[in-house]
2 protein chains.
Amino acid sequence: MDFKMSLDDHLCFAIYSAHHAIVRMYRPLLDPMGVTYPQYLVLLALWEQDGRRVRELGADLFLDSNTLTPLLKRMQAVGLVARRRNPEDERSVLIFLTEKGKALKAQAEGMSPCVAEAMGDDMQELAELRDRLHRLRARLDGVTQKG
Amino acid sequence: MDFKMSLDDHLCFAIYSAHHAIVRMYRPLLDPMGVTYPQYLVLLALWEQDGRRVRELGADLFLDSNTLTPLLKRMQAVGLVARRRNPEDERSVLIFLTEKGKALKAQAEGMSPCVAEAMGDDMQELAELRDRLHRLRARLDGVTQKG
DNA sequence: TGCGATTTAATCGTGCGCGATTGATATGAG
DNA sequence: CTCATATCAATCGCGCACGATTAAATCGCA
């Protein structure tokens, strides 16, 4: 049985290829905003809660400072965020949205119809897919931690 | 409603984070084999059908030569594949598994129990998740093409 | 109080993805 | 047969991811 497992039979490849398809779909929507897809995810996290530490942002996004620091510096360079040392604890760095970064939220909400059209209109199906993936991720995280 | 959409509410982020969790889960299994996760996907495609052109491999993996050429050269450098110009059409390059590349298949099949344990034992659920993702990817590819 | 252990961000090197371009080979219309 | 067009792999530049390491600040305990 394992001996006949093709690429398409693998769940891992379904996730891999769906991920890249998502990024390709978002690119033309995000390009006019001047942000990449990972940067858009950072913005989503900051629109939800501003002024977080890099560590907290990383916990939400499942990313470490080796990825986030250069990414946030690029966002700072184009004026989307400000990085300030935390006066309460000089080890940590706080990330704040600039006015430009805040303003992008409205523009991003304008993408919704395009995203909805691309993803499909079956909200039930999409929400269920999302929840199944979150459960799988949580399970994998748990196993990887212990293993 | 859109104004309260958190990171976790987004299907795109569920896919993004599940993808990275999958890669993290596979890493300790693939490291001893000396291959990366994308290289493992290439091997899956080649174990299924050997001696393909770069273009065909790319069609299966949804990757272009700008990604595949350097990746295949790295696999050639460690002796997993051979790259030969196609005598029938000198524009194309054929990719062949070496004996070492073929031998890795048995070792990869040994990962199955670990993967199964990490992913969970509900094969029905996992197969359904896989099929839903393939349908989403197909839909996104269609929309992106036309758009 | 002093000092080792811990926490935090930053840095470095490597390997993807991919938009854009290049160069070589094949194809096809006239 | 010729030359424009198409196809194919390769190349280049940039931005992630991430393992490993470093440096600074804080914490905790003797």
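Structure's up top.
Calculation rules
Residues numbered from 1 in each chain as written. Chains lettered and ligands numbered in written order. Predicted model: local features only at pLDDT ≥ 70, side-chain atom pairs only at ≥ 80, totals over all residues. Heavy atoms only, no water. Salt bridge = Lys/Arg side-chain N within 4 Å of Asp/Glu carboxyl O. Buried < 20%, exposed > 50% of the residue type's maximum accessible area, 1.4 Å probe, protein only. Helix = DSSP H or I, 4+ residues; strand = E, 2+ residues; numbered from the N terminus. Polar contact = N/O pair within 3.5 Å; in protein donor to acceptor, adjacent residues only side chain to side chain. Contact = heavy atoms within 4.5 Å. Axes fitted to C-alpha atoms, helices over the stretch in contact; angles between N-to-C directions. Parallel < 35°, antiparallel > 145°, perpendicular 65-115°, else oblique. Left-handed = near helix turned anticlockwise from the far one by under 90°. Nonpolar A, V, L, I, M, F, W, Y, C, P; charged D, E, K, R; others polar. Near = heavy atom within 4 Å. Expected span 1.5 Å × (residues − 1).

A. The arrangement of the pattern of salt bridges in detail. Per the counting criterion, the structure on display carries 20 salt bridges over all chains. As a salt-bridge pair, Arg130(A) and Asp131(A) come within 3.1 Å of each other at their nearest N and O atoms. Given the relative accessible area of 18%, Arg130(A) is considered buried. By relative accessible area, Asp131(A) is classed as partly exposed at 30%. With a shortest N-O distance of 2.9 Å, Arg91(B) and Asp89(B) are connected by a salt bridge.

B. Molecular detail of the side chain of Ser92(A). Residues and elements named next belong to chain A. Topologically, serine 92 is positioned in the loop between β2 (81-85) and β3 (93-97). Among the polar contacts made by the side chain of serine 92, one reaches the main-chain carbonyl oxygen of aspartate 89 at a distance of 3.0 Å. Setting aside residues no more than four positions away along its own chain, serine 92 makes contact with Arg53, Arg85 and Asn86.

C. Local environment of unusual backbone geometry. Although it is not a glycine, Phe62(A) adopts a positive phi angle of roughly 60°. In this structure, Phe62(A) sits in the loop between α3 (54-61) and α4 (65-77).

D. Local environment of the packing of helix α1 (residues 11-30) of chain A against helix α6 (residues 112-119) of chain A. All names here are of chain A. At a closest axis distance of 11 Å, the pairing of α1 and α6 adopts a crossing angle of 150°. It follows from the interaxial angle that α1 and α6 lie roughly antiparallel. Crossing of α1 against α6: the hand is right-handed. Two secondary-structure elements touch here, α1 through Ile22, Met25, Tyr26 and Leu29 and α6 through Cys114, Val115, Ala118 and Met119. Residue composition of the contact of α1 with α6, grouped by class: eight nonpolar, no polar and no charged.

E. Molecular detail of the protein's contact with DNA strand C. Around DNA strand C there are 28 residues in total, and Thr69(A), Lys73(A), Arg83(A), Thr36(B) and Arg74(B) lie nearest to it. Taking the atoms of DNA strand C that fall within 4 Å of the protein, sugar and phosphate contribute 69% of them. Interatomic distance of 2.5 Å between a side-chain N/O atom of Lys73(A) and a phosphate oxygen of DNA strand C. Of all the elements in the fold, those that place two or more residues in the surface near DNA strand C are α1, α3, α4 and β2 of chain A together with α2 (37-48) and α4 (65-77) of chain B.

F. Region of the structure containing helix α1 (residues 11-30) of chain B. With 20 residues, α1(B) extends 28 Å from end C-alpha to end C-alpha; this agrees with the ideal 28 Å at 1.5 Å per step. Of all the 20 residues making up α1(B), 16 are buried; the element is thus mostly covered by neighbouring parts of the structure.

G. The protein's contact with DNA strand D, seen in detail. Around DNA strand D lies a shell of 28 residues, among which Thr36(A), Asn66(A), Arg74(A), Lys73(B) and Arg83(B) are the nearest. In DNA strand D, the atoms that sit within 4 Å of the protein are 71% sugar and phosphate, with bases accounting for the remainder. Between Arg27(B) and DNA strand D, the recorded distance is 3.3 Å, taken from a side-chain N or O atom to a phosphate oxygen. Measuring from a phosphate oxygen of DNA strand D, one finds a side-chain N or O atom of Lys73(B) at 2.5 Å. Breaking the surface near DNA strand D down by element, the ones donating at least two residues are α2 (37-48) and α4 of chain A together with α1, α3 (54-61), α4 and β2 (81-85) of chain B. Residue composition of the surface near DNA strand D, by class: seven nonpolar, nine polar and 12 charged.

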